[in-house]
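# Architecture and fold: a report
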Amino acid sequence: MGLISTTRTIMYCMAAVVTTGCVGFTVNAYILYLLRENVKRLELEITALRRELTQVDGDVTRSSRDVTRTTRDVTRTSRDRASDSESEDEFQLALESIPSQSIIAQGTDSLCTDRQCESGLLTLCQSIDKDHDTLKLTEQGCEQGLTTLTQLNDQTPDTPQLMWRLARIMYEKAKHNTKAGVNAQKGLLEALAIAKKGEELSEGNSKSHLWYAILLGDTCKYDDTRVKLTKGLEFEKQVKLSLDIDPYNSTALHLIGRYCFEVSGIKWWEAKIAATLFGCVPQSTYDEALKYFLRADEINSEWVENSLFIAKCLIALKRNEEAKSWLDRVDLKQGAEHELQAQITDLKKKL
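About the criteria used
- Residues numbered from 1 in each chain as written.
- Predicted model: local features only at pLDDT ≥ 70, side-chain atom pairs only at ≥ 80, totals over all residues.
- Heavy atoms only, no water.
- Helix = DSSP H or I, 4+ residues; strand = E, 2+ residues; numbered from the N terminus.
- Contact = heavy atoms within 4.5 Å.
- Areas by Shrake-Rupley, 256 points an atom, 1.4 Å probe, with all protein chains shown as cover.
- Salt bridge = Lys/Arg side-chain N within 4 Å of Asp/Glu carboxyl O.
- Buried < 20%, exposed > 50% of the residue type's maximum accessible area, 1.4 Å probe, protein only.
- Expected span 1.5 Å × (residues − 1).

## Observations concerning the overall build of the chain
If you tally the helices and strands in the chain, you get 17 helices and 0 strands. Considering only intrachain contacts with a sequence separation of at least 6, the fraction spanning at least 24 residues in the chain is 71%. Accessible surface, the chain as shown: approximately 17100 Å² in total, 51% of it carbon and sulfur.

Next up, the structure:
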């Protein structure tokens, strides 16, 4: 049996481990099916793989030991995997952990001014943004906003300034549906399609790029590994396009920082396997992630979650004294959710 064929099987199982470890998202049923059907066969193939790897150079031998450890991880229980979800050593598909209600709440949508927008439409959009901050808080408010924007979009189709706002309220409605136990997949995929078309039609509209990126991230939980990797690269591209137009948007800065942080945790051999199997792999460093988080902090210094990720980057870079200082600053800030406060306490114990 060939090395590539064996590695492909390993990659499927490895992706399953990672997918189950991502906080807040449902495990992909197809990947679980692969796990159940292929674990026994995988063990036999690993034995053969070890024999093959003894004939190659030392680097590949070291890779074999890592792959063996990853294979043993496949047999861990769901509880064990959950306890390791914070490990930066596992293969992480960055998008799944990025979009969240707390992140989007920090955005500057109400301050947005659209370029190349005639005065009447601009006034209408500003009114929509003002109402949005209140409407998004409840399911009924989202329904009201969705009705208004759907009608406006039907009256003036292919208007990018309305399309990203329509996608935004659809996103907010989907979040309420998810909290209520209602399947939000259909609504999110429809919002993604609208955001994509709006981005294609837009010229100089930072929010069209940003909301297309956000919906790429929030819908990747419905995709297989190959599509997730592709969406990851597109996510990075769209957020950076948004920042090219509006470099002072703290939401966009934080999102690209989160992306870089997650990607930085990918081991070199995991990236090599992903590149072999899927032809693409995201790349970044903790230094790059830190740069974006610090820029976001300059704009919004009260953002607790952003400060927490600055500390996480510093820890990853072995700059523990600086990390302690940032964690102390986070403790003094107001508005930290229980989950974030638990992370802060846990990180302090490890330093």
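## Some details on unusual backbone geometry
Within the chain, Asp 158 stands out as a residue other than glycine whose phi angle is a positive 60 degrees. In this structure, Asp 158 sits in the loop between α7 (139-155) and α8 (160-179). Phi at Lys 318 takes a positive value of approximately 65 degrees, unusual for a residue other than glycine. Inspection of the secondary structure assignment puts Lys 318 in the loop between α15 (304-316) and α16 (320-332).

## Observations regarding the pattern of salt bridges
Per the counting criterion, the structure on display carries 17 salt bridges. Across the salt bridge formed by Asp 129 and Arg 165, the nearest N and O atoms sit 2.8 Å from each other. Pair noted here: Asp 129 is in helix α6 (residues 119-135) and Arg 165 is in helix α8, with a separation of 36 residues, a long-range link. For Asp 129, a relative accessible area of 1% gives the class buried. Overall, Arg 165 belongs to the buried group, its relative accessible area being 0%. The shortest N-O distance in the salt bridge between Lys 197 and Asp 158 comes to 2.9 Å. One end of the pair, Lys 197, is in helix α9 (residues 185-201); the other, Asp 158, is in the loop between α7 and α8, and 39 residues separate them in sequence.

## Regarding α15
Taking 1.5 Å as the rise per residue, α15 with 13 residues should run 18 Å; its terminal C-alpha atoms sit 19 Å apart, in good agreement. Summarising burial for α15: 11 of the 13 residues are buried, a large majority. All of the buried residues along α15 are Val 304, Glu 305, Asn 306, Ser 307, Leu 308, Phe 309, Ile 310, Ala 311, Lys 312, Cys 313 and Leu 314. Of the residues trailing α15, Lys 318 is marked for its positive phi of about 65 degrees.

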